Amino acid sequence: MALLEVLTYPNPILKRKSVKIEQVTPAIVKLAKDMLETMYEAPGVGLAAPQVGELVRMIVIDTRPTDDDGKPITEGMTELEQKVSYPLILINPEVTKKEGKIKWEEGCLSVPGYVDGVERAKLIECRAWNEKGEEVVIKTDGLLAVCIQHEIDHLDGKLFIERLSTIKTAMIKNKIKKHGYPDKKDKNEDVL
Ligand code: ZN
């Protein structure tokens, strides 16, 4: 396994649309494992392939809360979130059902140091392939639902800061272009 470089805004690759994966090859499985290692190292709870420069429709996720030693715990997870086995590798993920609305404070490894409230569907059904090429259907809410929607946005070339008000989006983008990113990350937030 290998750690990959996470691209940050305004890298133009993050604006491009990723292509569907036709077949789960060993190279795709290796990319998934490298993405997971990179995500845990960051640390983050989700990562999409274009964030490491690969324009293919694959995301990896582990939204489980952890205790002081970094061990996953179920405390704070919804019932639906607890039914999922982690980590998740989702290939060609698609949201097939959406219900309700929720606003969550999101962060992103590609926009380090920035956190803001984004409104998304509260409950979703997501269809995808796993790393064995088998079809999986995930019905979930909570942080996992937010994270899946955030990562699929990456596959479509969209960042969470582009889901804020037009003024806020422009302000954040200008600030980053002028001053770059802060050195220290706020590790208490969910970084997707
Ligand atoms: Zn992100």
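Residues numbered from 1 in each chain as written. Predicted model: local features only at pLDDT ≥ 70, side-chain atom pairs only at ≥ 80, totals over all residues. Heavy atoms only, no water.

Caption draft 1: Molecular detail of the nonpolar core. Of all hydrophobic cores here, the largest spans 23 residues; its most connected members are Ile 59, Ile 61, Leu 88, Leu 90, Ile 138, Leu 144 and Ile 148. Of all elements in the fold, only strand E2 (58-61), strand E3 (88-106), strand E4 (116-129) and helix H3 (142-155) reach the threshold of two or more residues within this core. For this core, the leading source of residues is H3, giving eight residues. Not counting residues up to four positions away in its chain, the partners in contact with Leu 88 are Ile 59, Val 60, Ile 61, Ile 138 and Leu 144. (Core = buried A, V, L, I, M, F, W, Y, C linked by side-chain atoms within 4.5 Å. Buried < 20%, exposed > 50% of the residue type's maximum accessible area, 1.4 Å probe, protein only. Helix = DSSP H or I, 4+ residues; strand = E, 2+ residues; numbered from the N terminus. Contact = heavy atoms within 4.5 Å.)

Caption draft 2: A look at the environment of Asn 92. Following the sequence through the fold, Asn 92 ends up in strand E3. Overall, the relative accessible area of 10% leaves Asn 92 in the buried class. Separated by 72 residues in the primary sequence, Asn 92 and Lys 20 have C-alpha atoms spaced 5.9 Å apart. Not counting residues up to four positions away in its chain, the partners in contact with Asn 92 are Lys 20, Ile 21, Arg 57, Arg 127, Ala 128 and Trp 129.

Caption draft 3: Here's a closer look at the coordination of the zinc ion. Surrounding the zinc ion are the protein donor atoms Cys 108 (SG), His 150 (NE2) and His 154 (NE2), which sit 2.1 to 2.3 Å from the metal. Mapped onto the polypeptide sequence, the residues donating to the zinc ion form the spacing pattern C-x41-H-x3-H. A residue pair is termed a helical-turn pair when its members lie 3 or 4 positions apart in one helix, as His 150 and His 154 do in helix H3 at four residues. Accessibility expressed as a relative area gives 1% for His 150, which makes it buried. (Donors = N, O, S within 2.8 Å, 3.2 Å for Na, K, Ca; no water.)

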